[in-house]
Every structure is written in C-alpha cells, then in structure tokens.
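# Residue-level structural notes
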Amino acid sequence: MTKPSIPLSELQAEVQACHRCPLADGRTQTVFGVGNPDARVLIVGEAPGKNEDLQGEPFVGAAGKYLDQLLAVAGLTREDVYIANVLKCRPPGNRDPRPEEIEECTPYLREQTRTISPEVIVTLGNFATKFILKTEVGITRLHGVAKQAGRFKVFPVYHPAAALYDPKKREALEEDFAHLGALLGTVPRAE
Ligand code: URA
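My aim in this report is to walk through the structure given alongside it, one point at a time. (Residues numbered from 1 in each chain as written. Predicted model: local features only at pLDDT ≥ 70, side-chain atom pairs only at ≥ 80, totals over all residues. Heavy atoms only, no water.)

Bringing the overall build of the chain into the picture now. Each helix and strand counted, the chain has 9 helices and 6 strands in total. A globule of 191 residues ought to have a C-alpha radius of gyration of about 16 Å, and the chain, at 16 Å, matches this closely. Buried positions account for 46% of the 191 residues belonging to the chain. Relative to all contacts within the chain whose residues are 6 or more apart in sequence, the contacts with residues 24 or more apart total 70%. For the chain, the distance from the average site of its 23 positive side-chain charges to the average site of its 25 negative ones is 3 Å. (Helix = DSSP H or I, 4+ residues; strand = E, 2+ residues; numbered from the N terminus. Rg over C-alpha atoms; globule rule 2.2 N^0.38 Å. Buried < 20%, exposed > 50% of the residue type's maximum accessible area, 1.4 Å probe, protein only. Contact = heavy atoms within 4.5 Å. Lys, Arg positive; Asp, Glu negative; His and termini not counted. Charge placed at Lys NZ, Arg CZ, Asp CG, Glu CD.)

Structure, rendered in structure tokens:
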C-alpha cells in the first residue's frame with residue numbers, strides 16, 4: 001500500500017519548527033515554498049538568499065524576477081507552478097549548501113514532492129539537479145533534456161542566478177524554458 005501524502009500545511013508547520021541543523025540559528029524565518037498545490041510543474045531551487053530569508057518566499061530577488069520571465073517563455077505564471085528549494089533556511093553569506101544540511105533538510109522536499117505530485121520537476125542548477133537525479137554529472141551536460149525519474153519527468157536547467165550576468169547561460173535557459181513549454185503543451189512547438 002502506498003503511504004498517504006502529508007498535507008502541505010502540516011509539512012510547513014514542521015519546517016517552521018525545524019532545528020535539525022545549525023542553519024536554524026541564523027535564519028529570520030524558514031522558506032517553505034509557494035504556489036499551486038495542484039501544479040503540473042514543481043520548480044526546485046537551491047536555498048533561500050537574503051531577500052527570501054526576510055520575506056519568507058522563494059525567488060523574490062533579482063533571480064526571481066528573471067525566473068518569472070523564464071516561466072513566461074514556457075507559457076507559465078507563478079500561479080501555475082509550485083516553487084521550493086533544496087534547503088529551507090538561508091546558508092550564511094549565501095554559501096553553498098553542505099552535504100549534512102542537504103541530508104537533514106531534503107526529507108521535507110521529498111514529502112512536498114509526494115504531496116504535490118507534479119508531472120515535471122524543473123531543477124535549477126547543480127544542487128537541485130544532483131539531489132533529484134542522484135547524479136554527479138554537472139548541469140552543463142544535463143540541462144535542457146528531460147529524464148524520467150520514477151513517476152516524474154525531471155528537467156534540469158541552469159540556475160537563473162548563474163545566468164544573470166552570463167549571456168550564454170541566459171540564451172540556454174531561454175531555449176530550455178521554450179522546450180519546457182513545448183513539452184507541457186503550454187506554448188506551441190517550434191516548427
Ligand atoms: N536562489 C535559490 O536557489 N532559491 C531562492 O529561493 C532564491 C535564490
């Protein structure tokens with residue numbers, strides 16, 4: 001028998017009370033995730049930054065504005081998707097997530113994924129892609145190609161923050177989001 005999924009409100013309360021790792025000591029608040037609980041698409045980022053820690057929502061800074069533009073390329077809005085991160089608390093100085101933090105925090109992401117049950121998981125950058133696909137292969141090789149992982153299609157793309165000042169990555173991201181739209185049928189397929 002399959003395990004019943006945990007309601008998002010219950011998971012969020014667990015995350016808010018979480019002290020499984022020392023990131024809890026430095027946070028203003030946890031950043032659980034936002035969006036449509038019935039979304040076809042789950043977007044997974046890395047970890048909250050300064051603005052997200054202050055506002056309690058993922059992708060509210062410059063990378064978030066760019067993410068909104070990328071979603072539009074795929075014919076999507078924030079209301080269509082659910083957005084969450086690998087880590088629910090901000091690492092100090094926006095340093096990379098540590099393996100032990102990922103290990104402690106990702107049971108929450110796993111449960112969020114089970115509850116939302118999306119068709120497609122879009123992984124932004126190396127940390128989300130490595131965790132979801134259980135791979136050591138880097139994003140440069142994986143981006144833009146959908147892979148089946150259990151019940152989900154996983155679609156890795158560059159992290160929008162890494163592309164902000166890198167025109168080549170921006171071009172790749174925009175092409176990949178157009179491809180995502182075609183995959184979902186939310187934008188017409190290019191001839
Ligand atoms: N970068 C991320 O990976 N997640 C956020 O929520 C913000 C920036």
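From this point, things continue past the structure.
Counting residues in each nonpolar core, the largest one holds 28 residues, and the members touching the most others are L42, V44, Y82, V86 and L109. Among the secondary structure elements, those contributing two or more residues to this core are α1 (8-16), β2 (41-45), β3 (81-85), α5 (99-116), α6 (125-133) and β6 (152-157). With 5 residues, the single largest contributor to this core is α5. (Core = buried A, V, L, I, M, F, W, Y, C linked by side-chain atoms within 4.5 Å.)

For helix α9 (residues 167-184), with 18 residues, the first-to-last C-alpha span of 26 Å sits near the 26 Å given by 1.5 Å per residue. Buried within α9 we find A172, L173, D176, F177, L180, G181, A182 and L184. Among the structural elements, β2, α4 (62-73), β4 (120-124), β6 and α8 (160-163) are those in contact with the buried residues of α9. Once α9 finishes, G185 follows within two positions and takes phi at roughly 80°, a positive value. (Expected span 1.5 Å × (residues − 1).)

Right, let's talk about the site of the ligand for a bit. In the vicinity of the ligand, the residues found are G45, E46, A47, E52, P58, F59, N85 and H159. Here a nitrogen atom of the ligand and a backbone polar atom of A47 are 3.0 Å apart. Taking 230 Å² as the accessible area of the ligand by itself, protein coverage stands at 91%. For the shell around the ligand, a count of residues per class yields 3 nonpolar, 3 polar and 2 charged. (Near = heavy atom within 4 Å. Polar contact = N/O pair within 3.5 Å; in protein donor to acceptor, adjacent residues only side chain to side chain. Areas by Shrake-Rupley, 256 points an atom, 1.4 Å probe, with all protein chains shown as cover. Nonpolar A, V, L, I, M, F, W, Y, C, P; charged D, E, K, R; others polar.)

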